[in-house]
Amino acid sequence: MTQINTPYPATAYLTGFLRERGIDAVQADPAIALVLKLFSRSGLEAMGQRLASRFGENSAPPPSVKSFQHQLPQYLRTVEPAIRFLQGRDPMLAYRICHENFLPTGPRFQALSQLDAQFGEAEGNGLAWAFGFLGLQDRAQHLASLYIDDIADAIREGIDERFELSRYAEKLALAASSFEPLQRSLQAAPTLVDHYLDEITRELIKTHQPTVVGLTVPFPGNVYGAFRIARVIKSEWPEIKIVLGGGYVNTELRDLRDPRVFDYIDYLTLDDGERPLLCILEQLSGQRKPEQLLRTQRREQGNLVWINDPTVHDIPFRDCGTPTYDGLPLNHYLSLCELLNPMHRLWSDGRWNKLTLAHGCYWKKCSFCDVSLDYIGRYEDLDAARIVDRMEKLIAETGQSGFHFVDEAAPPKTLAALAKEILKRGLTVTWWGNIRFEKTFSPELTSLLAASGCIAVSGGLEVASDRLLKLMEKGVTVEQVARVTHAFTQAGIMVHAYLMFGFPTQTLAETIDSLERVRQLFEAGCLQSAFWHRFACTIHSPVGRHPERYGITLLPLESTFAQNDIGFEDPSGVDHDSLHPGLKKALYNYMHGMGLEEDVRTWFDFPVPKAKVPRGLVRKALSLPSAKAGKFR
Ligand code: SF4
């Protein structure tokens, strides 16, 4: 339950690695299987029956449920064609989706009427503004996505309040100091969603008959699903060993103290999974002693034990092999187009081969980031020839030439070498990924990247204030970001900026000034997309480890299960949350080219200070000679 347009890469990485070591490994994605089971004719029929028994004649169901029940026959008739269309297997259906009352419409479609009202009276003008009069496929995709969202809303509001398309029961794992709520949910009567996930688990076990199952848990929204799968396996096939790992485990479960977790799993591994998993497999086949494992926790006689043999080392990044998608149903993923933001669209639309250019982050200094953890702190790069070999292998395997480089910050030197290698081999690829807005990204380099197939980059501008950027050791200034993002835009590469507010000591006036700088960056065409994140303090970041340097006091954290985010007191006393709606509203408008001439104070419902940033700050930065902007060699 992470993305339904493309598989999460962890299983592809581990399967590729294990197979290259001669181990018989298969992978499966129960999340896409679950979505397809729910969004099928039989799934909707089952939903209709459950809703009918829950909401009797005299009860008042929520609008999403009411609309679904009212149009159930139309939903049953259209759900499978709509899914086939979103899978890209029936593109001609776009004509019917756009030109007839083919799909039933629920509350999610109300936003379209608002767009129509904004862009002209005639029905469809709003979508024409968004997609042009010729963008038939895009329009149909957007309409079909709203249709899917309406059904998902009805599931959440009528069947299982924990359900979302890209996360399931997330709340149970978010800042979960105790395993108790998860445990209780796992033991409660199953919902329809649970029932389907249990069925999928049984089918997978019967098909593959594994001796060991690895479950990857990247985010809080995957935790409950993973334990649900583990629960079925443990109760029906207790001889199968279960290993839990992944991003959530690596960040949140480093100090796990509740032995009940091991009622469901046998091993928990931290950080990169390749070597720990290999050690477990060797131990299970008698080639390794139980004390010779790496970063692994297990339960022995009711107690938790931590095993970390200092003579065992991680597999070097260059030897981790090429990921493989073999076994995943690549043409069954759904390309949704829910938001009109072009960068969000890259995330949720289309299938991308995922690759990592380097292990960790070459900068590893930002004070809000988990730099003390291995996935950021251990940097190892790879030569361009080897990366392009892996790309060619993936293109041959999947038939698809789109790549998402999933590095936290792709190194500019590697990107430059990669672009040259792609061009040297005459490869046609399309790629995007995360970067830091380094001054190395000169107009020459951004043009080279564009020529090699780069279509978009995202990077952190964070608090958009030089004082705070320095405090957070981001290593960039606003003016530098302006020049770099401008160079990308000029090269035809879309730019998305991660923005942050609520950093320790940040004042209200500084947030307003940041918004003004962001406004100018949009106005000057440096940014096409952005998103505001509220600062969160994690225990693995420099702020969490040395709060006194940032003028804050941490609140006590008592936990026997997950630990990551930690509350703190900031003497500045600013109510940052009250600013969020205004910041969001401003960005939404800027991304659509609207409101750029307005004073930034107009986006807030209460008086805020006037921005003190000179109106021409960004324009001036862009007119400066770029001699010092770093030359690409
Ligand atoms: S925020 Fe990004 S650039 Fe900064 S240390 Fe973390 S991964 Fe590196």
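Scope of this entry: the structure provided in the associated data block. Note that this is a predicted model, so its numbers are computed, not measured.

1. Here we look at the overall build of the protein
Okay, so step 1: Looking only at helices and strands, one finds 25 helices and 15 strands in the protein.
Okay, so step 2: Here the C-alpha radius of gyration of the protein, 25 Å, is about what a compact globule of 633 residues would show, namely 26 Å.
Okay, so step 3: Relative to its full complement of 633 residues, the protein shows a buried share of 55%.
Okay, so step 4: Look at the contacts in the protein between residues 6 or more apart in sequence, and 76% of them connect residues 24 or more apart.
Okay, so step 5: Carbon and sulfur atoms provide 52% of the accessible area of the protein, an area that totals close to 27400 Å².
Okay, so step 6: Computed over 69 positive and 76 negative side-chain charges, the inter-centroid distance for the protein is 4 Å.

2. Side note on the site of the ligand
Okay, so step 1: Around the ligand sit Cys-361, Trp-363, Lys-364, Lys-365, Cys-366, Phe-368, Cys-369, Val-371, Ile-376, Glu-408, Arg-436 and Lys-474, and those are all the residues in its vicinity.
Okay, so step 2: A class-by-class count of the residues in the shell around the ligand yields seven nonpolar, no polar and five charged.

3. Side note on the sheet that holds strand β9 (residues 402-405)
Okay, so step 1: Pairing is parallel across the open sheet formed by six strands, whose spatial order is β8-β9-β10-β11-β12-β13. Looking at the sheet topology across the chains shown, the edges are occupied by β8 (353-355) and β13 (529-534). Between one strand axis and the next, the sheet turns by 20° as a mean value, whatever way the strands run.
Okay, so step 2: With three bridges joining them, β8 and β9 adopt parallel strand pairing. Bridge pairing in β9 places Lys-354 opposite His-404.
Okay, so step 3: Packing against the sheet, helix α17 (residues 384-398) makes contact with β8 and β9, and its axis sits at approximately 160° to β8.
Okay, so step 4: The strands that helix α24 (residues 580-591) touches are β12 (494-501) and β13; relative to β13, the one it contacts most, it runs at about 170°.

4. Examining the pattern of salt bridges
Okay, so step 1: The tally for this structure, following the rule as stated, stands at 45 salt bridges.
Okay, so step 2: Across the pair Arg-378 and Asp-374 runs a salt bridge whose closest N-O atoms are separated by 2.8 Å.
Okay, so step 3: Measuring nitrogen to oxygen at the nearest pair gives 2.9 Å for the salt bridge that ties Glu-392 to Arg-425. With Glu-392 in helix α17 and Arg-425 in helix α18 (residues 412-425), this pair connects stretches of sequence that are 33 residues apart.
Okay, so step 4: In this structure Arg-425 comes out as partly exposed when scored by relative accessible area, which is 27%.

5. Description of helix α11 (residues 192-208)
Okay, so step 1: With 17 residues, α11 should cover 24 Å at 1.5 Å per step; its first-to-last C-alpha distance of 24 Å lies within 8% of that length.
Okay, so step 2: Along α11, the positions that sit buried rather than exposed are Leu-192, Val-193, Asp-194, Tyr-196, Leu-197, Asp-198, Ile-200, Thr-201 and Ile-205.
Okay, so step 3: Phi for Gln-209, located one or two positions after α11, is positive at around 45°.

6. Some thoughts on the sheet that holds strand β7 (residues 303-307)
Okay, so step 1: Reading across from one edge, β3-β4-β5-β6-β7 is the order of the five strands in this open sheet, with mixed pairing throughout. Each edge of the open sheet carries a strand with a single partner, namely β3 (212-216) and β7. For this sheet, the mean angle separating the axes of adjacent strands, direction not counted, is 25°.
Okay, so step 2: Where strand β6 (residues 296-300) lies against β7, five bridges are found, and the strand directions are antiparallel. Paired with Arg-298 across the strands is Val-305, a residue of β7.
Okay, so step 3: The strands touched by helix α12 (residues 223-236) within the sheet are β3 and β4 (241-245), with β4 carrying the most contacts at an inclination of about 170°.

7. What about the pairing of β12?
Consecutive side chains of a regular strand alternate in pointing toward one face of the sheet and then the other.
Okay, so step 1: With seven of its eight residues buried, β12 lies for the most part within the structure.
Okay, so step 2: Pairing analysis gives six bridges linking strand β11 (residues 454-462) to β12, with the strands arranged parallel. Within the sheet, the bridge partner assigned to Ala-456 lies in β12 and is Met-494.
Okay, so step 3: The pairing of β12 with β13 spans six bridges and is parallel.

Analysis parameters
- Residues numbered from 1 in each chain as written.
- Predicted model: local features only at pLDDT ≥ 70, side-chain atom pairs only at ≥ 80, totals over all residues.
- Heavy atoms only, no water.
- Helix = DSSP H or I, 4+ residues; strand = E, 2+ residues; numbered from the N terminus.
- Rg over C-alpha atoms; globule rule 2.2 N^0.38 Å.
- Buried < 20%, exposed > 50% of the residue type's maximum accessible area, 1.4 Å probe, protein only.
- Contact = heavy atoms within 4.5 Å.
- Areas by Shrake-Rupley, 256 points an atom, 1.4 Å probe, with all protein chains shown as cover.
- Lys, Arg positive; Asp, Glu negative; His and termini not counted.
- Charge placed at Lys NZ, Arg CZ, Asp CG, Glu CD.
- Near = heavy atom within 4 Å.
- Nonpolar A, V, L, I, M, F, W, Y, C, P; charged D, E, K, R; others polar.
- Pairing = 2+ DSSP bridges.
- Axes fitted to C-alpha atoms, helices over the stretch in contact; angles between N-to-C directions.
- Salt bridge = Lys/Arg side-chain N within 4 Å of Asp/Glu carboxyl O.
- Expected span 1.5 Å × (residues − 1).

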